[in-house]
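Residue-level structure breakdown
Here are the chains, one letter per residue:
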Amino acid sequence: MKIQKNRAIYIGLLIIVWACAYVYIFNEKIDINGDNCRYYTFASSLASGQGYADISAPTPHPTNAFPPGYPLLMTPLRFFTDSIIAQKILNGLFLLGGALLLFFFMIKRKIPESLALVGACAAILSDRVLHFSTMMMSEMSCFFVSTAAIFLLANMKKEKPFYKDLSFYGMLVMVILCYHIRTQGVALFAAVVLFFLCTKKWKEAASTVAGFIIGCLPWIWRNKSLGIGQSRYFESIAQVNPWRPEDGSLDLSGIIDRFFETLGMLVSKALPNSVIPYFKVNYSAEVSAGFFMLIIAILLIFLIIRGFWAFGKYRWVLIGYTVFTFGLVSIFSTPSENRYITTLIPFMNMGLLVGIYAVATDTIHRFKLKYTFSPWVLSLLLLTGIGNIQELHAMNKMPFPPAYQNFFRLGLVLKEHVSPETVVASRKGELLYMFSGTRVAGYAYSQDDRAVIQKMLDDGVEYVILDQLGYSSTPRYLYPAIQKNDDLFFVASHVPNPDTYLLKFDREAAKKKLSQSQRQDGKNTLP
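Residues numbered from 1 in each chain as written. Predicted model: local features only at pLDDT ≥ 70, side-chain atom pairs only at ≥ 80, totals over all residues. Heavy atoms only, no water.

Assigned secondary structure in the chain consists of 21 helices and seven strands. Its C-alpha radius of gyration of 26 Å places the chain within 12% of the 24 Å reference for a compact globule of 527 residues. Oriented by its inertia axes, the alpha-carbon framework of the chain measures out at about 90 × 50 × 50 Å. The buried share among the 527 residues of the chain stands at 51%. Sequence separation of 24 or more characterises 72% of the internal contacts of the chain that already satisfy a separation of 6 or more. Counting only carbon and sulfur atoms, one obtains 63% of the accessible surface of the chain, whose full area is about 24500 Å². Each charge sign in the chain was given a centre, from 50 positive and 36 negative side chains, and these centres are 13 Å apart. (Helix = DSSP H or I, 4+ residues; strand = E, 2+ residues; numbered from the N terminus. Rg over C-alpha atoms; globule rule 2.2 N^0.38 Å. Buried < 20%, exposed > 50% of the residue type's maximum accessible area, 1.4 Å probe, protein only. Contact = heavy atoms within 4.5 Å. Areas by Shrake-Rupley, 256 points an atom, 1.4 Å probe, with all protein chains shown as cover. Lys, Arg positive; Asp, Glu negative; His and termini not counted. Charge placed at Lys NZ, Arg CZ, Asp CG, Glu CD.)

Shown next as structure tokens:
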């Protein structure tokens, strides 16, 4: 009875820690990364009965830009309200739910309850995790679902055939959902299969593979029937730089070199930066991690693995999930720093603290010391993240940068003065859509100004926003095209400091100019 009472107190303390941290860092503003707007747009499409589609595009169409899992989770709430704050709170609840499941998972594996509480608090008190918990991104739902899968895996009964165990089916659903939330969720599937293989549960392994394939078929068939093609993530594997297509593609040796380069960055920089005590690192490729940080990384890996080892046979799913995720992230070309290991941070912090506790108690037993190591001592390590959380709080309370304020102001101008069917080209169309409500388009990433103009014509663009958001593609592709064709663009609105322009695009004049250019090119190629 005392244990149950203590457990209730610990659960209450965990909820209080989450509530205090979450309220402290909560960001009411939309995040300026753009992807969170796309998730919201796709959820809006589902909630309005238009299917999984990009309703912000010049011509709304079915999409597979992101897996559908997170927008599906957003949809019930989106059906009742268009509030982005409500969606942010939902993500915060995913974080709390994941931390609670980690707490119960540790208790189930005979980890001391006080240590389980500290480990669950560590899952929350990471500035990187908290940062993603207050934006409309898929990381927190992925963390919750992956934790649920591992918890249900541990909940399977030895005495019951797996095909009669509801926990097995619940685990399988969570694994499939995790993949449909984030493509890298396939690492969780591989980790579960690894667990069954390492524990010689061949039927469970085969059934998991079969169930996962069956669970993925609807999404695959849907994309194939619509002629959408493969995921953009697979297309990016061979790209040198997804934002500079003119840089071309890598051959197999180039992909392998980049894999080890990225893996080295993840291990020597991202890992020490992401887990307790959150070392500051320089992610620049020109700056090496250094010998000291490499030693720190090796020590952290040892402690995390030792912590995972304390979970008995479930160490295989924890180690497998971590290793497979690092491997998958290393394949893709997009610069990542520690962004794409965010969903692993709670697990690694948990493993680190359990590992420190295990090493300390092993040392005491080995040397027969007359001391006991209290897990509460490890709660002091949670204080190492306070500075980062304070920085996150300050950042989240700041207003938008002036360039974004101007960009959004022009979006509101568009909302007031043009039809929702109007197509507007800009660098951050996903963000613009949230303020303008118009159709949005990007521009061609080409140094050929005619290709840029042609894409505007193809997309039905009527207005263009020339911004100073800081992306290299604007001065590299858009601005030169406007300069070379200044007779096709006219200032419709201007906001200073910094100068941001809403330009009216003369489509008829552009058609004539391109037609004349093409005829001239034809003459120049005649013998």
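Quick look at the packing of aromatic side chains now. Considering all chains together, one arrives at 34 aromatic pairs under this definition. Look at Phe94 and Phe144: their rings are 5.7 Å apart centre to centre, the planes differ by 35°, and that puts the pair in the tilted class. Here Phe94 is found in helix α4 (residues 84-108), whereas its partner Phe144 is found in helix α7 (residues 139-154), with 50 residues between them in sequence. For Phe94, a relative accessible area of 11% gives the class buried. The cationic tip of Lys29 hangs over the ring face of Phe400; the distance from NZ or CZ to the ring centre is 5.9 Å. When the ring centre of Tyr463 is taken as reference, the NZ or CZ atom of Lys504 above it lies at 5.2 Å. (Phe/Tyr/Trp six-rings, centres within 6.5 Å; stacked < 30°, edge-to-face > 60°. Lys NZ or Arg CZ within 6 Å of the ring centre and 35° of its normal.)

Turning next to the side chain of Thr422. The residue Thr422 is located in the loop between α17 (402-417) and β3 (423-425) in this model. With relative accessibility at 6%, the residue Thr422 sits in the buried group. If we ignore the near neighbours within four places in the chain, the residues touching Thr422 are Thr438, Arg439, Glu462 and Tyr463.

The contact between α7 and helix α8 (residues 166-181) brings their axes to 8 Å, and the two run at 155°. The orientation of α7 relative to α8 falls into the category roughly antiparallel. You can see that α7 and α8 cross each other, and the crossing is left-handed. Contact residues: α7 offers Ser141, Cys142, Val145, Ser146, Ala148, Ala149, Leu152 and Leu153, while α8 offers Ser167, Gly170, Met171, Met174, Val175, Leu177, Cys178 and Ile181. Split into classes, the residues belonging to the contact of α7 with α8 amount to twelve nonpolar, four polar and no charged. (Axes fitted to C-alpha atoms, helices over the stretch in contact; angles between N-to-C directions. Parallel < 35°, antiparallel > 145°, perpendicular 65-115°, else oblique. Left-handed = near helix turned anticlockwise from the far one by under 90°. Nonpolar A, V, L, I, M, F, W, Y, C, P; charged D, E, K, R; others polar.)

Once that is clear, we can look at the pairing of strand β7 (residues 500-505). Across four bridges, the pairing between strand β5 (residues 461-466) and β7 is antiparallel. Looking at the pairing, Ile465 lines up with Leu502 of β7. Taking the residues between adjacent antiparallel strands as the criterion, strand β6 (residues 489-495) and β7 are bridged by four residues, where Asn497 takes a positive phi near 55°. (Pairing = 2+ DSSP bridges.)

Residues Phe291, Leu294, Ile295 and Ile298 make up a contiguous nonpolar surface patch of roughly 410 Å² in combined accessible area. Position of Ile295 among the secondary structure elements: in helix α13 (residues 291-309). (Patch = residues over 30% accessible without salt bridge, like charges linked within 9 Å, V, L, I, M, F, W, Y side chains within 5 Å. Salt bridge = Lys/Arg side-chain N within 4 Å of Asp/Glu carboxyl O.)

Pairing in this open sheet of five strands is mixed, and the strands run β4-β3-β5-β7-β6 from one edge to the other. Sheet topology places β4 (439-441) and β6 at the edges, where each strand pairs with a single neighbour. In this sheet, neighbouring strand axes are inclined to one another by 30° on average, regardless of whether the strands run parallel or antiparallel. Inspection of the sheet shows β3 paired to β4 by three bridges, in the parallel sense.

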